[in-house]
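One letter stands for each residue in the lines below.
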Amino acid sequence: MKIKFLGATGTVTGSKYLLEAVGGMLLVDCGMFQGPKNLRQKNWNNFPVNPANLKAVVLTHAHIDHSGYLPKLVREGFKGPIFCTRPTATLCKILLMDSAKLMEEEARYANKKGFSRHKPAVPLFTVDDAERTLSQIRPLDFGMEHELPFGLLCHFRHTGHILGAASVKIWNQSTSITFSGDVGRMNDPMMLTPEAIEATNYLVVESTYGDRQHRPTDPLADLRRVFQETWSRGGSVLIPAFAVGRAQQILFHIGELKKRGEMPDFRVYLDSPMAVDATDLFCEFSKDHKLSMEECERTCKSAKYIRSIEESKALQKSSEQKVVISASGMATGGRVLHYLKTALPDTKNTVLFAGYQAAGTRGAALVNGAKEVKIHGELFPVRAHIENIENLSAHADASEVIDWLERSKISPIKVFITHGEPKGSEAMRVKLFERFHWTCVVPKENEEYKI
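Draft legend 1. Up close: the overall build of the chain. When helices and strands are counted, the chain shows 14 helices and 22 strands. In terms of overall size, the chain behaves like a compact globule, its C-alpha atoms giving a radius of gyration of 21 Å where 451 residues would be expected to give roughly 22 Å. Within the chain, the proportion of its 451 residues that are buried is 61%. On the chain, roughly 18,100 Å² of surface is accessible, and the fraction owed to carbon and sulfur atoms is 48%. Within the chain, one finds 58 positive and 52 negative side-chain charges whose respective centroids are separated by 5 Å.

Printed below as a string of structure tokens:
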């Protein structure tokens, strides 16, 4: 086999791994590049191989940085099956359709306001592209052996993180390789503990938090403090949150605070259509998380759902004290940008980030003390309180990844460290060598290895 790294190298986004064996090529993950402009621009580049020549795509999970490029791939000629777990298949229906609608909406808004350099602004892909993509998805079960094209086999194991997230082992008669996907927390109150992986010749492992440890604080206590302080100032709380995973985690904690009588008298709103739909899925996939049915229902009822653009615009103008949860989690796009325009200039407000903020994103700029940020071509002053509760992250930190690998009792020939910024990936390489004495490499974009 050969593996070529088409994304998630030197960055935490754009996961794409090209796997080639006798008989053909397939792609593991098909993520969109997100964050700063130099990364987003990569989404418009020609794909390194003809998409029509790919036999299949295998997804580790549904997050846009792992699945969001699929409609573009289909638009350019990919017609093969897309294999993933059942919850991932259902989430992709929500995420990819919403992403396409959002792209069309943002292109229309850019053309109306004239702030795009492209005349006219066009979406990366359309709703029609997303619909064709969904018709190619083939859901598979966890823990079972499945056949892939040209004689390959695969199976999926739970990794926590979000609903449906999996590590994927792919093998033939001569070799095997396992992809970690994104590894969840070991003691997450909602998601399953990551399952140990089986023996494998090669391993591709993420390193989002490769150089950091999560603080040993209680996120519930941190949330309570932020809510109470903001309420006492007469302000509102805006929470940029990823629509799948982070939004539900925040709603779960808000539900707990309400249950304990420790939540100020805020009205809580969830303004993200795909986050609304994803939240409802916790009741459908009850075996893929830790929550009881009562906890699922409480989580789903913790906020008023905002679906339409008209409702969203009205809420943005509202002067009531409120908590608004809206995507995207690093403030790189989506409806949250419109809320930021109102929230940031007001000293009474809090903008609360919930986890990792990639370098070059608005989220990182705000967390690092930016005095102003540009949104839709206009600069806005930052006077609001900026908070970041990193312990709400859905990613395992360095120690948790290492503990997960130690539980797995594997001894790979080589480990490829991806999905991390350079410092994080290098730190993970050193840690894995020190703990296991494995041969580890941090691949560069478009580097290819024989396995």
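That covers the picture; the talk isn't over yet.
Draft legend 2. Region of interest: the sheet that holds strand β8 (residues 153-158). If you walk across this open sheet you meet the seven strands as β7-β8-β9-β10-β11-β20-β21, and the pairing is mixed. Sheet topology places β7 (146-147) and β21 (440-441) at the edges, where each strand pairs with a single neighbour. Across the sheet, helix α14 (residues 422-436) lies against β11 (202-206), β20 (414-418) and β21, angled at about 155° from β20, the strand it touches most.

Draft legend 3. Here's a closer look at the environment of Gly 210. Tracing the backbone through its elements, the reader meets Gly 210 in the loop between β11 and α6 (219-233). Note on Gly 210: relative accessible area 0%, which makes it buried. Measuring from C-alpha to C-alpha, the distance between Gly 210 and Gly 424 comes to 4.2 Å, with 214 residues separating the pair along the chain. Those residues in contact with Gly 210, other than ones at most four positions away along the chain, are Ala 398, Gly 424, Ala 427, Met 428 and Lys 431.

Draft legend 4. Inspection of the state of the cysteines at higher detail. Taken as a whole and judged by the stated rule, the model has zero disulfides. Free cysteine Cys 296: the closest other cysteine sulfur is in Cys 283, separated by 4.6 Å.

Draft legend 5. Local environment of the nonpolar core. Judged by nonpolar contacts, the single largest core of 78 residues is most densely connected at Phe 227 and Ile 325. When residues of this core are assigned to their parent elements, the largest contribution, nine residues, is made by helix α4 (residues 86-113). If you look at the next biggest cluster of nonpolar residues, it comprises 29 residues, including Met 1, Phe 5, Ala 8 and Tyr 202.

Draft legend 6. How the structure looks around the sheet that holds strand β12 (residues 237-240). In space, the six strands of this open sheet follow the order β14-β13-β15-β12-β16-β19, with parallel pairing throughout. Only two strands of the sheet have a single neighbouring strand rather than two, namely β14 (304-306) and β19 (385-388). Each neighbouring strand pair of the sheet contributes to a mean axis angle of 20°, computed without reference to strand direction. Inspection of the sheet shows strand β13 (residues 267-271) paired to β14 by three bridges, in the parallel sense. Directly across from Leu 270, in β14, lies its bridge partner Tyr 305. α6 contacts β12, β15 (322-326), β16 (350-353) and β19 of the sheet and is inclined by roughly 170° relative to β16. Each of β13, β14 and β15 is contacted by helix α10 (residues 309-317), which is oriented at about 115° to β14, the strand it contacts most.

Draft legend 7. Highlighting helix α13 (residues 398-408). Turning to α13, its buried residues are Ala 398, Glu 400, Val 401, Ile 402, Trp 404, Leu 405 and Ser 408. Looking at the packing, one finds that the buried side of α13 touches β11 and α14. In this structure Asp 397 caps α13, since a side-chain oxygen of it lies 3.2 Å from the backbone nitrogen of Ser 399. With its phi angle positive at about 55°, Lys 409 sits one or two positions after the end of α13.

Draft legend 8. Just the packing of α13 against α14, in detail. Where α13 meets α14, the axes come as close as 11 Å, and the angle between the chain directions of the two elements is 40°. By the angle between their directions, the pair α13 and α14 is classed as oblique. Note on packing geometry: the crossing formed by α13 with α14 is right-handed. Residues Ala 398, Val 401, Ile 402, Asp 403, Leu 405 and Glu 406 of α13 lie in contact with α14, whose contacting residues are Met 428, Lys 431, Leu 432, Arg 435 and Phe 436. Considered class by class, the residues forming the contact of α13 with α14 number seven nonpolar, no polar and four charged.

Draft legend 9. Quick look at the packing of α10 against helix α11 (residues 336-343). Packing of α10 against α11 brings their axes to within 9 Å, and their N-to-C directions diverge by 15°. Relative to α11, α10 is oriented roughly parallel. When the axes of α10 and α11 are compared, the crossing they make is right-handed. For the pair α10 and α11, the contacting residues are Ser 312, Leu 315 and Gln 316 in the first and His 338, Tyr 339 and Thr 342 in the second. In terms of residue class, the contact of α10 with α11 is built from two nonpolar, four polar and no charged.

Draft legend 10. Structural detail: the pattern of salt bridges. Within this structure, the stated rule accounts for 19 salt bridges. Among the ionic pairs, Arg 298 bridges to Glu 294, the shortest N-O distance being 3.6 Å. One end of the pair, Arg 298, and the other, Glu 294, are both in helix α9 (residues 293-300), four residues apart, so they sit about a helical turn from each other. Beyond isolated ion pairs, a larger network of salt bridges with shared partners links Arg 75, Asp 129 and Arg 132.

Draft legend 11. Broad picture of the pairing of strand β17 (residues 372-375). Only one face of β17 is buried, namely the one carrying Val 373 and Ile 375, since none of Glu 372 and Lys 374 on the opposite face is buried. For β17 and strand β18 (residues 378-381), the ladder comprises four bridges, and the chain directions are antiparallel. Residue pairing for β18: Val 373 is matched across the bridge by Phe 380. Taking the residues that link successive antiparallel strands as the turn, the β17-β18 hairpin has two residues, and the phi of His 376 there is positive, at about 50°.

The rules we used
Residues numbered from 1 in each chain as written. Predicted model: local features only at pLDDT ≥ 70, side-chain atom pairs only at ≥ 80, totals over all residues. Heavy atoms only, no water. Helix = DSSP H or I, 4+ residues; strand = E, 2+ residues; numbered from the N terminus. Rg over C-alpha atoms; globule rule 2.2 N^0.38 Å. Buried < 20%, exposed > 50% of the residue type's maximum accessible area, 1.4 Å probe, protein only. Areas by Shrake-Rupley, 256 points an atom, 1.4 Å probe, with all protein chains shown as cover. Lys, Arg positive; Asp, Glu negative; His and termini not counted. Charge placed at Lys NZ, Arg CZ, Asp CG, Glu CD. Pairing = 2+ DSSP bridges. Contact = heavy atoms within 4.5 Å. Axes fitted to C-alpha atoms, helices over the stretch in contact; angles between N-to-C directions. Disulfide = S-S within 2.5 Å. Core = buried A, V, L, I, M, F, W, Y, C linked by side-chain atoms within 4.5 Å. Polar contact = N/O pair within 3.5 Å; in protein donor to acceptor, adjacent residues only side chain to side chain. Parallel < 35°, antiparallel > 145°, perpendicular 65-115°, else oblique. Left-handed = near helix turned anticlockwise from the far one by under 90°. Nonpolar A, V, L, I, M, F, W, Y, C, P; charged D, E, K, R; others polar. Salt bridge = Lys/Arg side-chain N within 4 Å of Asp/Glu carboxyl O.

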